[in-house]
Structures are given as C-alpha cells and as structure tokens.
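Breakdown of the fold
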There are 2 protein chains.
Amino acid sequence: MPATTSQPPSGPRRPVGIGEVAARAGVSPGTVSNVLNRPERVAEATRRRVQEAIRELDYVRNSSGSSLRSGRSDSVGLIVLDVTNPFFTEVARGVEDEAVEAGLAVILLNSAERPDRQRRSLRLLAEQRAAGAVVMPVDDDLSDLHWLRQRGISWVLLDRGDVAAQEGCGVSVDNHAGGLAAGRHLISLGHERLTFLSGPFAIEQCRDRLAGLRAACAEAGLEPDAAVRVVERPQLNARAGAEAVEAVLAGGPRRRPQAVFCANDQLALGLLKSLGRRGIRTPDDISVVGYDDIDVASLVHPGLTSVAQPKYEMGRAAMRLLLSELNDPGHRHERLRFEPTLVVRDSTSARR
Amino acid sequence: MPATTSQPPSGPRRPVGIGEVAARAGVSPGTVSNVLNRPERVAEATRRRVQEAIRELDYVRNSSGSSLRSGRSDSVGLIVLDVTNPFFTEVARGVEDEAVEAGLAVILLNSAERPDRQRRSLRLLAEQRAAGAVVMPVDDDLSDLHWLRQRGISWVLLDRGDVAAQEGCGVSVDNHAGGLAAGRHLISLGHERLTFLSGPFAIEQCRDRLAGLRAACAEAGLEPDAAVRVVERPQLNARAGAEAVEAVLAGGPRRRPQAVFCANDQLALGLLKSLGRRGIRTPDDISVVGYDDIDVASLVHPGLTSVAQPKYEMGRAAMRLLLSELNDPGHRHERLRFEPTLVVRDSTSARR
DNA sequence: CGCCGGCCTTGAATCGTTTTATCGCGGCGG
DNA sequence: CCGCCGCGATAAAACGATTCAAGGCCGGCG
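Residues numbered from 1 in each chain as written. Chains lettered and ligands numbered in written order. Predicted model: local features only at pLDDT ≥ 70, side-chain atom pairs only at ≥ 80, totals over all residues. Heavy atoms only, no water.

What follows deals with the overall build of chain A. Summing up its helical and strand segments, chain A has 15 helices and 12 strands in all. Relative to a compact globule of 352 residues, whose C-alpha radius of gyration would be 20 Å, chain A shows 26 Å and is clearly more extended. The C-alpha extent of chain A, read off along each of the three principal axes, is 90 × 50 × 35 Å. Relative to its 352 residues, chain A shows a buried fraction of 55%. As presented, chain A carries roughly 15000 Å² of accessible surface, and 48% of it is formed by carbon and sulfur atoms. Charged side chains in chain A number 46 positive and 45 negative. The centres of these two groups are separated by 3 Å. (Helix = DSSP H or I, 4+ residues; strand = E, 2+ residues; numbered from the N terminus. Rg over C-alpha atoms; globule rule 2.2 N^0.38 Å. Buried < 20%, exposed > 50% of the residue type's maximum accessible area, 1.4 Å probe, protein only. Areas by Shrake-Rupley, 256 points an atom, 1.4 Å probe, with all protein chains shown as cover. Lys, Arg positive; Asp, Glu negative; His and termini not counted. Charge placed at Lys NZ, Arg CZ, Asp CG, Glu CD.)

Once that is clear, we can look at the pattern of salt bridges. Residues and elements named next belong to chain A. All told, the structure shown has 50 salt bridges over all chains when counted by the stated rule. One salt bridge connects Glu44 with Arg47, and the closest N-O pair in it is separated by 3.6 Å. In this pair, Glu44 and Arg47 both sit in helix H3 (residues 44-57), three residues apart, roughly one turn of the helix. On the accessibility criterion, Arg47 (22% relative accessible area) is partly exposed. (Salt bridge = Lys/Arg side-chain N within 4 Å of Asp/Glu carboxyl O.)

When the domains of chain A are assigned, the result is domain 1 (18-61), domain 2 (72-173 + 311-339) and domain 3 (175-309). Inter-centroid distance (C-alpha atoms) of domain 1 of chain A to domain 2 of chain A is 35 Å. (Domains from an automatic or database assignment.)

Here the focus is the sheet that holds strand S6 (residues 194-198) of chain A. Residues and elements named next belong to chain A. One open sheet accounts for six strands, arranged S7-S6-S8-S9-S10-S12; its pairing is mixed. Looking at which strands have only one partner, the edges of the open sheet turn out to be strand S7 (228-232) and strand S12 (341-343). Pairwise comparison of adjacent strand axes, ignoring direction, gives a mean angle of 20 degrees for this sheet. Two strands pair when backbone bridges link them, and strand S10 (residues 305-308) and S12 are joined in this way by three bridges, in the antiparallel orientation. Looking at the pairing, Val307 lines up with Leu342 of S12. Each of S6, strand S8 (259-262), strand S9 (287-292), S10 and S12 touches helix H8 (residues 175-188); the most contacted strand, S9, lies at about 160 degrees to it. (Pairing = 2+ DSSP bridges. Axes fitted to C-alpha atoms, helices over the stretch in contact; angles between N-to-C directions. Contact = heavy atoms within 4.5 Å.)

Lining the immediate surroundings of DNA strand C are 23 residues, of which Ile18(A), Tyr59(A), Thr31(B), Thr46(B) and Arg69(B) lie closest. Take the atoms of DNA strand C that sit within 4 Å of the protein: sugar and phosphate atoms are 68% of them. One of the side-chain N or O atoms of Arg72(A) is found 2.8 Å from a phosphate oxygen in DNA strand C. Interatomic distance of 3.1 Å between a backbone N/O atom of Ala43(B) and a phosphate oxygen of DNA strand C. When contributions to the surface near DNA strand C are tallied by element, the ones reaching two or more residues are helix H2 (29-37) and helix H4 (63-70) of chain A together with helix H4 (63-70) of chain B. Per-element tally for the surface near DNA strand C: the top contributor is H4(A), with five residues. Across the surface near DNA strand C, the residue classes tally to seven nonpolar, 11 polar and five charged. (Near = heavy atom within 4 Å. Polar contact = N/O pair within 3.5 Å; in protein donor to acceptor, adjacent residues only side chain to side chain. Nonpolar A, V, L, I, M, F, W, Y, C, P; charged D, E, K, R; others polar.)

So, about the relation of the copies chain B and chain A. Rotating chain B by 180 degrees and translating it 0.0 Å along the rotation axis places it on chain A, where the RMSD comes to 0.1 Å. Such values leave the two copies arranged in the relation of a two-fold axis. Mapped onto chain A, 100% of the interface residues of chain B are again interface residues, and the two copies thus contact each other with one and the same surface. (Least-squares fit on C-alpha atoms with pLDDT ≥ 70 in both.)

This next bit is on the side chain of Gln258(B). Residues and elements named next belong to chain B. Here Gln258 lies in the loop between helix H13 (252-255) and strand S8 (259-262). Gln258 gets classed as buried once you look at its relative accessible area, which sits at 13%. For Gln258, the side chain forms a polar contact with the main-chain nitrogen of Glu192, separated by 2.6 Å.

Once that is clear, we can look at the protein's contact with DNA strand D. Around DNA strand D lies a shell of 24 residues, among which Thr31(A), Thr46(A), Ile18(B), Tyr59(B) and Arg72(B) are the nearest. Considering the 4 Å shell around the protein, atoms of DNA strand D inside it are sugar or phosphate in 68% of instances. Contact distances for DNA strand D include 3.0 Å between a phosphate oxygen and a side-chain N or O atom of Arg38(B). The separation between a base oxygen of DNA strand D and a polar side-chain atom of Arg69(B) is 3.2 Å. At five residues, H4(B) tops the list of elements feeding residues into the surface near DNA strand D. Here the residues of the surface near DNA strand D sort into seven nonpolar, 12 polar and five charged.

Moving on: the sheet that holds S8(B). All names here are of chain B. The strand order across the open sheet formed by six strands is S7-S6-S8-S9-S10-S12, and the pairing between neighbours is mixed. The open sheet has two edge strands with one neighbour each: strand S7 (228-232) and strand S12 (341-343). The mean angle between the axes of side-by-side strands here comes to 20 degrees, regardless of whether they run parallel or antiparallel. Sheet analysis places S8 next to strand S9 (residues 287-292), joined by three bridges and oriented parallel.

The interface is formed by 60 residues belonging to chain B together with 60 residues belonging to chain A. Between chain B and chain A we count six salt bridges in total. For Asp97(B), the salt bridge is made with Arg117(A), and the minimal N-O distance between the two is 3.2 Å. Our count for the contact surface shared by chain B and chain A stands at 20 residue pairs in polar contact (both at pLDDT 80 or more). Of all the secondary structure elements, the ones that give two or more residues to the side of chain B that touches chain A are H4, helix H5 (86-101), strand S2 (105-110), helix H6 (115-127), helix H7 (143-150) and helix H14 (265-277) of chain B. For the side of chain B that touches chain A, the element with the most residues is H6(B), which contributes eight residues. Along the lines of polarity and charge, the residues of the side of chain B that touches chain A split into 23 nonpolar, 20 polar and 17 charged.

Residues and elements named next belong to chain B. Taken across its six residues, S9 has six buried, putting it largely inside the fold. The parallel pair S8 and S9, bridged by H14, forms a crossover whose chirality is right-handed. Pairing geometry for S9 and strand S10 (residues 305-308), over four bridges, is parallel. Paired with Gly290 across the strands is Ser306, a residue of S10. (Right-handed = clockwise from strand over helix to strand, strands pointing away.)

Take H8(A) next. All names here are of chain A. Spanning 14 residues, H8 covers 20 Å between terminal C-alpha atoms, matching the ideal 20 Å at 1.5 Å per step. What H8 keeps buried is the set Asn175, Gly178, Gly179, Leu180, Ala182, Gly183, His185, Leu186 and Ile187. Structurally, the start of H8 carries an N-cap: the backbone nitrogen of His176 is 3.1 Å from a side-chain oxygen of Asp174. The first or second residue beyond H8 is Gly190, which carries a positive phi of 100 degrees. (Expected span 1.5 Å × (residues − 1).)

On to the UniProt feature "domain: HTH lacI-type" (unreviewed entry) in chain A. In the numbering adopted here, UniProt assigns the feature "domain: HTH lacI-type" (unreviewed entry) to residues 16-70 of chain A. Taken end to end, residues 16-70 of chain A has its terminal C-alpha atoms 20 Å apart, with 71% of it in helix and 0% in strand. (UniProt positions renumbered as here; feature names shortened; annotations may be inferred.)

As a rule of thumb, non-glycine residues mostly have phi less than zero, and peptide bonds are mostly trans rather than cis. Following Thr282(A), the chain continues into Pro283(A) via a peptide bond in cis, with omega recorded as 5 degrees. Following His301(B), the chain continues into Pro302(B) via a peptide bond in cis, with omega recorded as 0 degrees. By the element assignment, Pro302(B) lies in the loop between S9 and S10. Even without being a glycine, Glu113(A) presents a positive backbone phi close to 60 degrees. Structurally, the position occupied by Glu113(A) is in the loop between strand S2 (105-110) and helix H6 (115-127). Even without being a glycine, Arg129(B) presents a positive backbone phi close to 50 degrees. Relative to the helices and strands, Arg129(B) resides in the loop between H6 and strand S3 (132-135).

This is the structure in structure tokens:
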C-alpha cells in the first residue's frame, strides 16, 4: 500500500519487479527474494536496506512468477453449495478466518448445487494449482475430487459423512443424532402423528435426519412407519417449504400431523408462512422444528425450534484439517464429527 | 476432467505441460498454445490432433505460466462487506453469473466491514494481477482503490453513489427515493410521529434514506425535524435492531412513534422481535418498514414491508460495467443508478 | 518458370520469481 | 602461515506458458 496516503491519480505505473528493488538496494535479485521468503537468512543491515527499497518503490510481489517457480500457491479454494444460504456463509466465515490467520487466501466458489459448476470450480483450482480446497460436494460422486487429488491438490470434505477416511479428511455433524433429538423433543411433548418435510433424498443429510426421527419413535414404542409420514421436496429453500403445505396437510384435519420436522430451517420458515396464511397456528395447531438454527430462526415469530450445528466452528475445523494436511508431513486423514444441539423456542409446544 | 469416469486412486501424477502435449501431437509448443488461445489460426486437422492429445494426457493449463507471460489474468475480485448478509450474497450471485458467462473466475473476498481486511483483499488482487474488481467499499476512503487502479487493475464500485464518474464506474440505488417512498407510504397511512432506525451515519446509504424520509415529511406539510426522530446504531444487523427497542420506545407510550423506518431489514427484524417480546403488536401498535427486501422479509410474521433493491441485477450490471472497461477500448466511466420499489406487506397499517 | 502472397507452423525470447551451486571473505584451529 | 569452515551474497538456471519474427509450403498470377 502507498506510503503516502493519497496521491492524485497519475498515469498507470510501470510495474516494478524484484530486479528493480535489487538494483535500488544494491543487492542481487536472489537476495531480495530471500528477504521476502526467508528473512532470517539475510544479514540485518541488508535486510533493512531491501525493505526500505521495497517501500520506496511500492513493490508488490507478482504471485504468478512466484508460484510458477516454486510450484506452491498460497490460495485455497472453498466450494459451497449456495452462497445465499446462511448456513453455508456462516461456515465460510469460519474457513476464511482460519485461513487468514495462516496467511492463505480463500477463493470462494459457488457450485449452486449444480454438478457442472462444481466441476468448473474444481478445474479452476487445478489450473491455479491451488494449495488445497474445502469442498461441500454437490452429490455422492467424488470422482472429480479424486481427479483433483491426483494432481496433488488435497481437500477436506465438509458436511458429508460418508467418505472413508483413507480418501481424505472430512468434517460432519451427526445428523442421526440431530433427528433423534428433534424426535425425542416432539414425542416428549405428546405428539404421535409426525411428518418429516424432507429435501431430496439424494442428499445424505436428509436421509440421516429422517432415520434419527424414526429411531426416536422406535425408542418411544411408536411404530416408525405408522407414526412418521414423509413429504419430499426437490429443494431445500423457503419456496419449497411454502409449497409443501398442501402435501403436509393432506388427508384433512383428522389426519393432519401434530408436528412437522423439517430438513432445514428454510423449509420450515416457508412452511410456517403458508400455515399462517391458512389460519393454522403454530405451535397451537401444529408444532414445527427446523434444522441448522440459522440466524433468522430466532427472529421470526414464533421463534423457530431448531437443531443447531456449530457452523462457524465446522468451517474453522475443516480449514485446520486442511492446514495439517498441507504442512504436517506425518498427516493422516481424519474424520471430525460434531454433535448437534436442539434449541427449543416457541414453534413447538405440548399437544393440546 | 478425466475422460474415463472414475479411476482408482493411483499415485500422484507428474504434471503434464504444454510441451508434452506438443510432442504427443507432433507439433511445437507454440501451436498448442494457439489451439488453446486462438484456435481459428490453426488448421482444422492440426487442431484436432492437438485436442486429442490434450484429452489423452488430461492436460490442465497452468495459469501461473500463462498469466506470467501474457500479463493478463482471467480472474476478477469481488469484495463484499459481509458474506453472511443476504443482500450481499444476492448481489454476489449476480456478479458471479455474469462473470461465468464471460469465462472469468470470481475470487470472492470478505472485508467483514473492516478497513484492514479490505486492504488485505486489495493487496491480494494486486499480487494476483487480477483483471479487475467489483468492490463494495468499507468507507469513504478510496485511496487504496486508487492505488489499485494505478497498478492497472480497474474496478467498479457497488452500492456507493458518491464517486465522481471520472474515477471509475459505479452501480448504486437511489436511496433518497427509497426513503421517500417509505415515508410517503407511512404518511399516507396517517402516521405523523416517525422514527428512523439508522445504522452508522458514516454509511452514506443511511444518511440518504433518512433524507428521503424527511423529504416525504416536508412534502406532506410536516416539519421534518419535529416529525422524525432518529436512533443511530453502530451496526446494521439483527442484534443491533433488537437492542434498539428501548431507544425507539423512549419517552413512554404517549411519545411512542407510530411508525419506524429501519435502515435495513436486519435491523427491522431485530426490532420486530423485541417489540413482540414486549407485547407491542405490529402493525396494530407500531408500523415497521425495512430496507433491502431480503428473502426472509416475506417469511416472517407479520410480513415485513420493505424497500426492495434489484440485488441480483445490480450484481450483474456491475460485472457488465467491469467487462466493458476491460474489453472495450473506448470505454468511458459510467454511473448506473437503479430505482428502489416499495413492497407493502403486513407490518404497516393505517393509524388506529 | 519465377515470384508473390497467404496460410500454418516453428523456434526462441520472454515474463518475474525461486532455487541451487558457487564464491569471497574473515576468523579460527592446527 | 595454511587450510577449512561458515556466513552472506551472487549468478544463472529453472518454472510453463505466450508471443513474434521468421520460414516453409502451396497455389496463382504475370
């Protein structure tokens, strides 16, 4: 950055390279490089002279040249499924904070839940010879990720538990436990006719959360197949939740579920809205539980009971695993598993 | 990407370069480069042979080498103030979609509203010799941005209207008009005792929205200084909104505002929550208007009346301006201004 | 038949940095 | 006094792609 605060916009400057700095400081380019990368190997006086020259010329390192020669790059990729989803952005914040501390730059890429865009993103990272990547995979097909690893770019999976440890590190949350907690909560409130409002079953998380819910039923002596009805929606957003209301209420008031457990908060928020429109009150007429505990869950009225995941911490942990893989020669792949916690608010209450 | 779908994880492969491809195709490296960058200059047959070799060897271009020599880079930066804010992520989506169409990669950087992080991000872009940047500046100090431009990296400002056109392109929304629309709406409902719940006044948007609100008062024959009370908060998030409730209600029921206009939706959501906790009903007791019209505004209960900005379109437009600056030699800086629109929902109603 | 021009292709120079082998120098031990 | 060692600094060879001047080939025209 400029030494003097704000200069009048003068013509575009010819870029200054390491050689020019060297000339100015009266040393060789190699020495400048050493000052930049291994300052301890340079004598105090020389180092100071070089740093002075760097400041005076306002030299900025060219990372192309640098990473071309060294083979290394100091940026890592982060591929998220949806930049507009609060869950992912919170995770991204964690990844970023940890990376910044380690002096790495994060290239945030959005796969928009589309395999082709994930593919593009991975290819970009390969072209950039990125140091590594944190990836929330778009589906169960990891072949592109193996392709990336073959090229020497290692990755950590986020939010996908099914990866055998020998393929790479991973961070996930126990979705079964989350479903179980939600189920126990609802059952303890006296609800026996439940609906699981799911996203696509292709998504492992949805399946696991449902399994947890069923386990809670079994545990309480309820027959899971009878107690839990499942409504599957093709997406995990609010619109899908709102549109699901008919399917959820299908069968008339007598068969209406006493409680709905949603695969994520956005579905739940959409559903709540539609229920309200129809004059069905939450929690008086129906209890609703969400998943993720995004910020707005506490802001809506009624406050949404939700299964919380340590989003920010998951991001940090993933980045830490990646850093370990990059720096620690004795690294072994590892799978970290977080525990979800139920946050009870106003959208659930005892059966009338 | 691999031609064959999924190979068993074999040892890390030695990277294949342009030379190897050339050898395989029986041509010179220069020709391979031409196939990659100016295919029309290469004879049909040769081109095919080279492409075949590329596929067989699964060659991936090394962007370090490429941009080192050419001076160009095919990635652009996008610096947002807060990755977790829905307004920004929606804008980011627009920027990204437009960039992808143009074959550019987007490096998304989060300044977290902190000048030092914005500085870091700009420096990173300088080191990477990025093609350009779309920036939502963290404050009014543009000296670092000038510094960037001096280095030949051009930028487009987003959501900041005060930049003289000769310094760079910009995209903004008419905040005064937004405040005016909100004010007219509230006044037409009969409200005369208004409060503006603001973020930091250092942020131009807040000031302009307030000015618009005042203009609406003046227009209706109300004395702005008497009709509008202002509550300033240091941040623009929900927590700040929730904590503002006391200041908003200060003075007892008699002096309680009939309507509150909030500088953004998150403030409004926080405020709504706190009002609800105190048993104050919206819109019966107090009308509330937000700003930005983020997704959840329509999901909360009551639905939040809000001033909508064309978030996604703003992102696209910003990227288009940047592309024009990069590709069009006769480019002249331009300032695009969008118009906000008021979206009326349930959080505002006529004075009782 | 010779020359010219257009189309493809080539070879070599080049981008800015890192790295490695080498060198000069002064001090220390033998 | 000599040789050796180690510290600091240097020069030159990479890294992988792009670019550009130059050359080869072919067909057409004079």
